There are 2 protein chains.
Amino acid sequence: MSVELCELTKPVFIHNLKNMSAILKKAAKSAKERGIEPEVLLHSRLAPDMFPLVRQIQIITDNAKGCCARLTGAQAPVFEDGDDDFKQLQQRIAETIKFIKGLKKEQFVANSDSPIEMVVPIGVLHFTAEDYVKGWAFPNFYFHFTTAYNILRHNGVEVGKADFLGLVPGMTATGKIAKMLGVPQAKKSAKKVKKKAGGK
Amino acid sequence: MSVELCELTKPVFIHNLKNMSAILKKAAKSAKERGIEPEVLLHSRLAPDMFPLVRQIQIITDNAKGCCARLTGAQAPVFEDGDDDFKQLQQRIAETIKFIKGLKKEQFVANSDSPIEMVVPIGVLHFTAEDYVKGWAFPNFYFHFTTAYNILRHNGVEVGKADFLGLVPGMTATGKIAKMLGVPQAKKSAKKVKKKAGGK
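In this text, all values refer to a predicted model and were calculated from it rather than measured experimentally. (Residues numbered from 1 in each chain as written. Chains lettered and ligands numbered in written order. Predicted model: local features only at pLDDT ≥ 70, side-chain atom pairs only at ≥ 80, totals over all residues. Heavy atoms only, no water.)

(A) Representation of the relation of the copies chain B and chain A within the structure. You can overlay chain B on chain A at an RMSD of 0.0 Å; the transform is a turn of 180 degrees with a shift of 0.0 Å along its axis. In symmetry terms, the pair is related by a two-fold rotation axis. Distance from the rotation axis, computed per C-alpha, reaches its smallest value in chain B at V3 of chain B: 2.5 Å. A shared binding surface is used by both copies, with 98% of the interface residues of chain B retained as interface residues in chain A. (Least-squares fit on C-alpha atoms with pLDDT ≥ 70 in both. Contact = heavy atoms within 4.5 Å.)

(B) View of the pairing of strand 3 (residues 123–128) of chain B. Here strand 3 of chain B lies mainly inside the structure; 5 of its 6 residues are buried. Of the strand pairs in this sheet, strand 4 (residues 172–174) of chain A and strand 3 of chain B are connected by 3 bridges, and their pairing is antiparallel. Within strand 3 of chain B, the position partnered with A173 of chain A by the bridge is L125 of chain B. Sheet topology note: the strand 2 (residues 115–120) of chain B/strand 3 of chain B ladder contains 6 bridges and is antiparallel. Opposite M118 of chain B, over in strand 3 of chain B, you have L125 of chain B as the bridge partner. Linkage of strand 2 of chain B to strand 3 of chain B, two consecutive antiparallel strands, is achieved through a turn of 2 residues. (Buried < 20%, exposed > 50% of the residue type's maximum accessible area, 1.4 Å probe, protein only. Helix = DSSP H or I, 4+ residues; strand = E, 2+ residues; numbered from the N terminus. Pairing = 2+ DSSP bridges.)

(C) Structural detail: the packing of aromatic side chains. Applying the stated rule across the entire model yields 23 aromatic pairs over all chains. When the centroid spacing of 6.0 Å and the interplanar angle of 55 degrees are considered together, the rings of F138 of chain A and Y142 of chain A count as tilted. Of this pair, F138 of chain A and Y142 of chain A both sit in helix 5 (residues 129–154), 4 residues apart, roughly one helical turn. The exposure class of F138 of chain A is buried, given its relative accessible area of 3%. Residues Y142 of chain A and Y142 of chain B carry aromatic rings whose centres are separated by 5.4 Å and whose planes lie at 10 degrees to one another, so their mutual orientation is stacked. On the criterion of chain membership, the pair formed by Y142 of chain A in helix 5 and Y142 of chain B in helix 5 (residues 129–154) is interchain, its members lying in two chains. As far as the burial class goes, Y142 of chain A and Y142 of chain B line up, both buried. Over the ring of F143 of chain B we find K161 of chain A, and its NZ or CZ is 4.8 Å from the ring centre. (Phe/Tyr/Trp six-rings, centres within 6.5 Å; stacked < 30°, edge-to-face > 60°. Lys NZ or Arg CZ within 6 Å of the ring centre and 35° of its normal.)

(D) Fine view of the nonpolar core. Residues M20, F127, Y132 and W136 of chain A together with M20, Y132 and W136 of chain B are the most contacted members of the largest nonpolar core, which totals 132 residues. Those residues in contact with F127 of chain A that lie beyond four places of it in its chain are S114, P115, I116, M118, Y132 and W136 of chain A together with V168, G170 and M171 of chain B. (Core = buried A, V, L, I, M, F, W, Y, C linked by side-chain atoms within 4.5 Å.)

(E) Here's a closer look at helix 5 of chain B. End to end, helix 5 of chain B covers 35 Å across 26 residues, agreeing with the expected 38 Å (1.5 Å per residue, within 8%). Considering bend angle alone, the principal kink of helix 5 of chain B is centred on A137 of chain B and spans about 30 degrees; proline P139 of chain B follows within four residues of it. (Expected span 1.5 Å × (residues − 1). Bend = angle between axes of the 7 residues up to and from the residue.)

(F) View of a nonpolar patch on the surface. Residues I122 of chain A together with M180 and L181 of chain B make up a contiguous nonpolar surface patch of roughly 260 Å² in combined accessible area. Relative to the assigned elements, M180 of chain B resides in helix 7 (residues 176–181). For M180 of chain B, a relative accessible area of 60% corresponds to the exposed category. (Patch = residues over 30% accessible without salt bridge, like charges linked within 9 Å, V, L, I, M, F, W, Y side chains within 5 Å. Areas by Shrake-Rupley, 256 points an atom, 1.4 Å probe, with all protein chains shown as cover. Salt bridge = Lys/Arg side-chain N within 4 Å of Asp/Glu carboxyl O.)

(G) Broad picture of the side chain of S21 of chain A. Residue and element names in this part refer to chain A. Position of S21 among the secondary structure elements: in helix 1 (residues 5–33). Overall, S21 belongs to the buried group, its relative accessible area being 12%. Apart from residues no more than four positions distant in its own chain, S21 is found in contact with Q90 and I93.

(H) Spotlight on the sheet that holds strand 2 (residues 115–120) of chain A. The 3 strands are arranged 2(A)-3(A)-4(B) in an open sheet whose pairing can be described as antiparallel. The two strands at the open ends of the sheet, each matched to only one other strand, are strand 2 of chain A together with strand 4 (172–174) of chain B. Taken pair by pair, the neighbouring strands of this sheet meet at an average axis angle of 25 degrees, ignoring direction. (Axes fitted to C-alpha atoms, helices over the stretch in contact; angles between N-to-C directions.)

(I) Quick peek at the interface of chain B and chain A. Across the contact, 57 residues belong to chain B and 57 residues belong to chain A. For the pair chain B and chain A, the two sides together bury roughly 5100 Å², of which 61% comes from carbon and sulfur. Our count for the chain B to chain A interface comes out at 2 salt bridges. Among the ionic pairs, R153 of chain A bridges to D49 of chain B, the shortest N-O distance being 2.9 Å. Viewed at the interface, chain A and chain B are joined by 23 residue pairs in polar contact (both at pLDDT 80 or more). Counting residues per element, the ones that place at least two in the side of chain B that touches chain A are strand 1 (2–4), helix 1 (5–33), strand 2, strand 3, helix 5, helix 6 (161–165), strand 4 and helix 7 of chain B. If one sorts the elements of the side of chain B that touches chain A by residue count, helix 5 of chain B sits on top with 17 residues. For the side of chain B that touches chain A, the class distribution of residues is 31 nonpolar, 16 polar and 10 charged. (Buried area = accessible area lost by both parts, 1.4 Å probe. Polar contact = N/O pair within 3.5 Å; in protein donor to acceptor, adjacent residues only side chain to side chain. Nonpolar A, V, L, I, M, F, W, Y, C, P; charged D, E, K, R; others polar.)

Below, the structure written as structure tokens:
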């Protein structure tokens, strides 16, 4: 009837971090093939006062582990925000995924209106768990994930929406699109089966 | 204990569409002040094979109304994807918000595993309602919202993360950050009150 906080967050972060990892692999390959120093991509920005690619990746791992830590009370791994190369960023993503994967459903706050506190240098932000996920964690995560993707697209890395979305969990398809996306063929719907059998 | 599909989607789309509208107003003002033809911003892209700003906005309204229509069975308004100016885009956003606001909780599918079909020109995509929202609707919506924002940032429009997040629904704060973000001051937590009263 409704979506559990664990189910709403844990698999979503894992799925998207895996997509980010796959996109970064394509970026590293693209840099190599085009004779571009990896640092050029990693330090690219969309505007002088926006963060470069390396920081966007660091932030999405912080968003994902921070959200899951706040919802569970678990201690998230701490990473140094250095001048990471592609390998170090992949390591950081992998460790974030490992932390999130290790969280159990029963560790998550029981109620969608459980209080969540987010300590920042000049104060504390307060939300219910539901408001935090909907209005802070997801928008921030997708913002930095998309911006990382956009920096790469702007720099000619050949990735597309399919890389961003990944193989959508639970999605099946009928028609030509199934093969095109590489997703499982959907079973015939109950409605169609009824129709064939002469049902209403 | 968990989040209803209506609560997970309806207020989130409305909130973010309002943020997009406010960002577009700043963009139109910026173009005017800098003597830039609005069309220059509206036709800007981050890569030659990415959609321009005008299309990004059209897509986020389609994402939002399409998602809510699929979750409720309601008939969404149909918009022509013309060469809209800022005023027409604002109108499109306003009509999308109006449609979504008019949906009642009881119109939403009852179960998170209710089947959702998405008809595309070369087939049909199938999901449960939960998988559709988590793996398709939200990632797509935030992708195009962020890309619209990034196009404007790349073109020197003075907007920031606070414009993207908007005034996060339900968020309160303590410390200097409350005033900085213009959010309500959080009530003292029960724990702190107890402490002052000499409780454990």
